[in-house]
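# Survey of secondary and tertiary structure
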Amino acid sequence: MKSFIRLALGLTILCFYACEKAVSLEDYTDSANATLYVRTMAVSTSEEEDISYPIQVYVFNGQKCAALQTITDESQTLSIPLVEGNYSVLAIGGASSDTYSLPTQANAVPSMEITLQEGKSHADLMLAKSNVTLVDGGTNTLTLAMERKVMQLQSVVLEGIPSAATAVSVTISPLWEKLNGTDFAGETGALTVALTKETGSRTWKLANSQYLLPPSDSPTAITVNVVKSEGTSSYTYNTAEQLEEGYKINIEGTYTEAIGVTLGGTITGSVWKGEKNISFEFNESGSTGVEDENTGNEGGAGEGESSEEETPVIGDIPAVGSIYQGCYVLSVSKTDGTAEVLLLSPNPKVMSYADKIESDAALAAIDAALPDCAVDGISGWRLMTEEEANIVLQHRTSIPNFDKSGKYLYTNAEGELRVGTIQTTVSNGWTFNKGDILRPVAIIQIQAEE
């Protein structure tokens, strides 16, 4: 149930006007023939649903601000004298003058900017807007529903971070930078929050929750920055999931030397919104696809990236169709004496999970099974993409230990988990059953010997 501001509008006749005239700011008080009573009421006793104070109440007559007053707590009632006419009321909750730059009554307009002061962080910002007509001698009652305009980064927990790390932070972008009235504006903002290391462990956490305006575009980039003496490594996930105001974000991540950074997260809504779940994987090689699962109606996709460049192996560059350290060579891309080589694992894994398993549970089982398919000396093993599955299709008759009738796991162009046969074409299925085949790929860099 939402929180409400109840605006009780009572009209008291003070005088009559014989003709129309231009109205100045002073006229709203000096010639008032109506009174606007404003009080707040929290319908729910839940802490999450309480109204955010202070509340700045702007009353507009056209483009002029007829009144500006502040409600500091639930017990306070405002009394605003006005002349009869048409008004719009904008109420801004949680906007302290110490945190936000807000216009004065003299320069406020209905589309006024609501911006953070430099160096400040967002509060639990709420807004409401409505129109009302005050008629001489009449009584008007207006109820406004306060709605949150922010998301909340509630928790971030990253485990297994290398002990050499001196600082860890998380960046979310692009974000809306401000509000013009009740509309979001500015599209290049970002929030970076520093994490705190737990004493005696390799776990870094968010010390305090943070409020932030929602993303201004999709995909949204979530970047983990790990600072070490040799430099900063950044791992970025891009999701097509449309994140919105009124949601809480909880991110959990685990760093593993062999696989890279695997992050899982949930976005849970308050009573105003539904519930969304997202999961994503960051890989050290910078060339892996990302498995993304969303249990709601919206889908996400992303690509793992690392700022660290992989050190090339010095040696002979293998040919497509040959065997390299037991792995089948699917493709070779050469640039200035260095080749990017796509390898197919020689160790397929037949999955033993339950029939019709949900994709998030299937992804967890796949992550756990990847080490069983790995080859010593080669890291970065991951699910093949649909594009790579089509390369496998071209070589299916010459790949050792290849089950042409089996159903292979891969990710589609949107980064979603799929399963299908690789026969005359790559079929596209999304029902996962016991017996699905995991046969991962890896990309390595090889520099030719001079």
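Refer to the structure presented above.
Here is a short report on the structure shown in this document. None of these values were measured; they are calculated from a predicted model.

## A closer look at the overall build of the chain
Broken down by element type, the chain carries three helices and 35 strands. In the chain, which comprises 450 residues, the share counted as buried stands at 48%. Sequence-distant contacts, at least 24 apart, represent 64% of the contacts inside the chain between residues at least 6 apart. Counting every atom, the chain has about 20,600 Å² of accessible surface; 47% of that belongs to carbon and sulfur.

## Re the pairing of strand 20 (residues 220-228)
Among the nine residues in strand 20, eight count as buried, and that is most of the element. Where strand 13 (residues 167-175) and strand 20 come together, seven bridges link them in antiparallel fashion. Considered in strand 20, the bridge of Ser173 is made with Ala221.

## Focus: the packing of aromatic side chains
Taken as a whole and judged by the stated rule, the model has three aromatic pairs. Taken together, a centroid distance of 6.1 Å and an interplanar angle of 5° make the contact between Tyr58 and Phe60 stacked. Ring centres of Phe402 and Tyr408 lie 5.0 Å apart, and the angle between their planes is 10°; this geometry places the pair in the stacked category. Both residues of the pair, Phe402 and Tyr408, belong to the buried class.

## Concerning the sheet that holds strand 7 (residues 100-101)
Strand order in the open sheet formed by four strands is 7-8-14-15, and the pairing between neighbours is antiparallel. The open sheet terminates on both sides in strands that have one partner only, identified here as strand 7 and strand 15 (183-185). With two bridges connecting them, strand 8 (residues 113-116) and strand 14 (residues 178-180) associate as antiparallel partners. Looking at the pairing, Glu113 lines up with Asn180 of strand 14.

## Brief notes about the nonpolar core
Grouped together as the largest cluster of nonpolar side chains are 24 residues, with contacts concentrated most on Leu153, Val156, Ile161, Val168, Val170 and Leu195. Where this core is concerned, the elements lending two or more residues are strand 12 (151-159), strand 13, strand 16 (189-194), strand 20 and strand 22 (247-256). Those residues in contact with Val170, other than ones at most four positions away along the chain, are Val156, Leu191, Thr192, Val193, Leu195, Ile222, Thr223, Val224 and Asn225. Formed by 20 residues, the second largest nonpolar core is a distinct cluster that contains Ala66, Ala67, Leu78 and Met126.

## Digging into helix 2 (residues 359-373)
With 15 residues, helix 2 should cover 21 Å at 1.5 Å per step; its first-to-last C-alpha distance of 20 Å lies within 8% of that length. The principal kink in helix 2, of about 30°, is found at Asp367, preceding the proline Pro371 by one to four residues. Along helix 2, the residues that are buried comprise Ser359, Ala362, Leu363, Ile366, Ala369, Leu370 and Cys373.

## Here we look at the sheet that holds strand 27 (residues 323-324)
Taken in spatial order, the five strands of this open sheet run 26-35-29-28-27, and their pairing is mixed. At either end of the open sheet lies a strand with only one pairing partner, and these are strand 26 (313-314) and strand 27. Packed on one face of the sheet, helix 3 (residues 386-395) meets strand 28 (327-335), strand 29 (338-344) and strand 35 (441-447) and runs near 115° to strand 28.

## Quick look at the environment of Pro348
Secondary-structure assignment places Pro348 in the loop between strand 29 and strand 30 (349-350). Sequence spacing of Pro348 and Tyr408 is 60 residues, and the spatial spacing of their C-alpha atoms is 9.6 Å. Beyond its immediate sequence surroundings of up to four residues, Pro348 is in contact with Cys373, Asn401, Ile437, Leu438 and Arg439.

## Points about the pairing of strand 33 (residues 417-421)
Most of strand 33 is tucked away, with five of its five residues classed as buried. Pairing between strand 32 (residues 407-411) and strand 33: five bridges, direction antiparallel. Following the sheet pairing, Tyr408 is matched in strand 33 by Gly420. The loop that links strand 32 with its antiparallel partner strand 33 comprises five residues; one of these, Gly415, has a positive phi angle of about 80°.

## Quick word on unusual backbone geometry
Residue Pro54 follows Tyr53 across a cis peptide bond; omega there is 0°. As for its placement among the helices and strands, Pro54 is situated in the loop between strand 2 (34-41) and strand 3 (55-61). With an omega of -10°, the peptide bond running from Ser173 to Pro174 counts as cis. Positive phi values are uncommon outside glycine, yet Lys356 reaches one of about 55°. Within the secondary structure, Lys356 sits in the loop between strand 30 and helix 2. The backbone phi angle of Asn401 is positive, close to 55°, even though this residue is not glycine. Within the secondary structure layout, Asn401 lies in the loop between helix 3 and strand 32.

Definitions and limits used
Along each chain, residue indices are assigned from 1 in the same order as the chain's sequence is written. Totals for whole chains, interfaces and linings use every residue, but because this is a predicted model, local features are given only for residues with pLDDT of at least 70 and side-chain atom pairs only at 80 or more, for both listing and counting. To get the side-chain values, all heavy atoms of the structure are used, and hydrogens and water are removed first. Secondary structure elements are taken from DSSP: a helix is a run of H or I of four residues or more, a strand is a run of E of two residues or more, and numbering for both begins at the N terminus. The cut-offs for exposure are 20% and 50% of the maximum accessible area for each residue type, with area from a 1.4 Å probe on protein chains only; residues under the lower value are buried, those over the upper are exposed, and the others partly exposed. The contact definition used throughout considers only heavy atoms, calling two residues in contact when any of these lie within 4.5 Å. Per-residue and other accessible areas were derived by the Shrake-Rupley procedure at a 1.4 Å probe size, with only the shown protein chains allowed to occlude residues. Being paired, for any two strands, means DSSP has found at least two bridges between them. In this analysis, rings of Phe, Tyr and Trp, with Trp reduced to its six-membered ring, are considered paired at centre separations within 6.5 Å, and the interplanar angle assigns stacked below 30 degrees, edge-to-face beyond 60, and tilted for intermediate values. The set of buried Ala, Val, Leu, Ile, Met, Phe, Trp, Tyr and Cys residues whose side-chain atoms join them within 4.5 Å is what this entry labels a nonpolar core. A helix is expected to span 1.5 Å for every residue after the first. Bending is quantified residue by residue as the angle between axes fitted to the seven-residue window ending at that residue and the seven-residue window starting at it. For helices, the fitted line uses only the C-alpha atoms of the stretch in contact; every axis is such a line through C-alpha atoms, and the angle between N-to-C directions lies from 0 to 180 degrees.

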